[in-house]
Amino acid sequence: MMEERNDQDLAQGIRYHFLHKKLDELRALEKALPAVESETAVVRVLHYWKPMAAAAAVILAITFVFLFNRSESSEELFARNFEPYPNVFEPTQRGVDGTSDKRTSAFAMYEQRNFEGAATLFKELLTEKKEPEILLLLGNANLALNRNEEAKNNFLTLIRDFDGLDEQAKWFLSLCYLKSGEKEKAKLIWEQLGDPKITYSEKAKKLLNEVK
Amino acid sequence: MDKTAMSDAELLHLVRSGDASGLSFVYEKYRREYINWIRRFGNCSADEACEFYQGTILIFYENVMNGKLTELQSSLKTYLFGIGKNLVMHQYRKNVRGERVKAEFILQTHLADSSQELATKDVDLALVHRCFERIGDPCHRLLELFYFRQKSMEEISSELGYKNPETAKNQKYKCMERLRKLVEDERPTIMNVE
């Protein structure tokens, strides 16, 4: 048994050898290629909204800005930076029959970007048990639905009551502050997220430079 | 042959043949689209998107070389994006502290997850890698064919010109003993670390 285990250890090392060599080649190739330009804000909006909803959203945003004298650049920055956090917690499968329970339905609706339906079910689930993953996705759903204050509460609760999703919660909370024009609060968070070890550091630094 | 005119099946065949230009071509072909997609889906930075992409290509490469992927059920693009989606979900579940993703970490996780149960969790991959580089042929080639390419003893015997599969199996045993000795000699101990 011990010898079998040692063989498997060596086998894993042998696989690692060939894959690591290939990784070195890919890294060299990557260095030789030009940087991938990220898609423009317009293309990202079209990816995010269905075409008709995208046109309506732009008209609404302009009206909103005009009526409420909100900083146009904050809205543009928000639109450019907000992408709902993916459902990495309970991915749903296609083709599942219609007898899904509330939990499965909630995550499925979120994946399908039916944020209204997802938010309703997530709120019900939270009354049964508070879970950090659900709070994160509910906050995102509320943010997507323009329920900024509710989204803020979701992320603040997540930061206060749980560990493990703090960076994500802070990032989206900063976007809530950006959306509501509370730039100083947003900037404080971006400074905290600026540690290079953190996933959001690059985005946070970029926003710090853009928001004066 | 002009690779831009190749079908997905032809590209797969080229990668499997060991022609390095095949994998490079695949890498360049899907790079931009994948990276832009995973930046949105994975909510990640440009650097991390690159790391995910390299991890994806490595997994694709191993699956082709070990015969796990012989025929595409969908397009090559769908296959690669499918790997990427699983990687994002897997990495986020394991790495919820928000630390940066690295292709090296993806590679090691993939190896640990796809190894048979008997492998220990704390195998020193770098040590085995260094020792394997020094082992030389025929062992290097034989062990590559068996563990990386997942060939049978019959196939190995035929390719390397052994008398029969039993002879190849005996040679494999000797090669593993050599490798094991190299690893043991290299492994730091209390006695030889000062």
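Everything here concerns the structure above.
Below or above, wherever it landed, is the structure these notes cover. (Residues numbered from 1 in each chain as written. Chains lettered and ligands numbered in written order. Predicted model: local features only at pLDDT ≥ 70, side-chain atom pairs only at ≥ 80, totals over all residues.)

In this section: the interface of chain A and chain B. On the chain B side, the residues contacting the 42 residues of chain A number 53 residues. In terms of residue count, the dominant contributor to the side of chain A that touches chain B is helix α1 (residues 2-32) of chain A (23 residues). Partitioned by chemical class, the residues of the side of chain A that touches chain B number 17 nonpolar, eleven polar and 14 charged. (Contact = placed C-beta atoms within 7 Å. Helix = DSSP H or I, 4+ residues; strand = E, 2+ residues; numbered from the N terminus. Nonpolar A, V, L, I, M, F, W, Y, C, P; charged D, E, K, R; others polar.)

So, on to helix α6 (residues 125-133) of chain B. Restricting attention to buried positions, one finds in α6 of chain B the residues Leu125, Val128, Cys131 and Phe132 of chain B. Down the axis, α6 of chain B shows its buried residues gathered within 135 degrees of arc, on one side only. (Buried ≥ 20, exposed ≤ 12 C-beta atoms within 10 Å, placed from the backbone. Arc of directions from axis to C-beta.)

Before going further, it helps to spend a moment on the packing of helix α8 (residues 153-160) of chain B against helix α9 (residues 165-186) of chain B. All names here are of chain B. Contact geometry for α8 and α9: axes closest at 8 Å, N-to-C directions at 90 degrees. Comparing their axes, α9 and α8 come out roughly perpendicular. Here α8 contributes Met153, Glu154, Ile156, Ser157 and Leu160 to the contact with α9, which in turn contributes Pro165, Thr167, Ala168 and Lys169. In terms of residue class, the contact of α8 with α9 is made up of five nonpolar, two polar and two charged. (Axes fitted to C-alpha atoms, helices over the stretch in contact; angles between N-to-C directions. Parallel < 35°, antiparallel > 145°, perpendicular 65-115°, else oblique.)

Let us now look at unusual backbone geometry. Excluding glycine, residues mostly have negative phi values, and the peptide bonds linking residues are mostly trans. Cis geometry is found at the peptide bond from Asp137 of chain B to Pro138 of chain B, where omega equals 5 degrees. Counting through the fold element by element, Pro138 of chain B comes out in the loop between α6 and α7 (139-148). The phi dihedral of Arg113 of chain A is positive, around 65 degrees, even though this residue is not glycine. For Arg113 of chain A, the location among the structural elements is in the loop between α5 (102-111) and α6 (115-128). The exposure class of Arg113 of chain A is partly exposed, given the 15 C-beta atoms found within 10 Å. Located in the positive-phi region is Asn146 of chain A, a residue other than glycine, with phi close to 65 degrees. Summarising the element assignment, Asn146 of chain A is placed in the loop between α7 (132-144) and α8 (148-161). Overall, the presence of 14 C-beta atoms within 10 Å leaves Asn146 of chain A in the partly exposed class.

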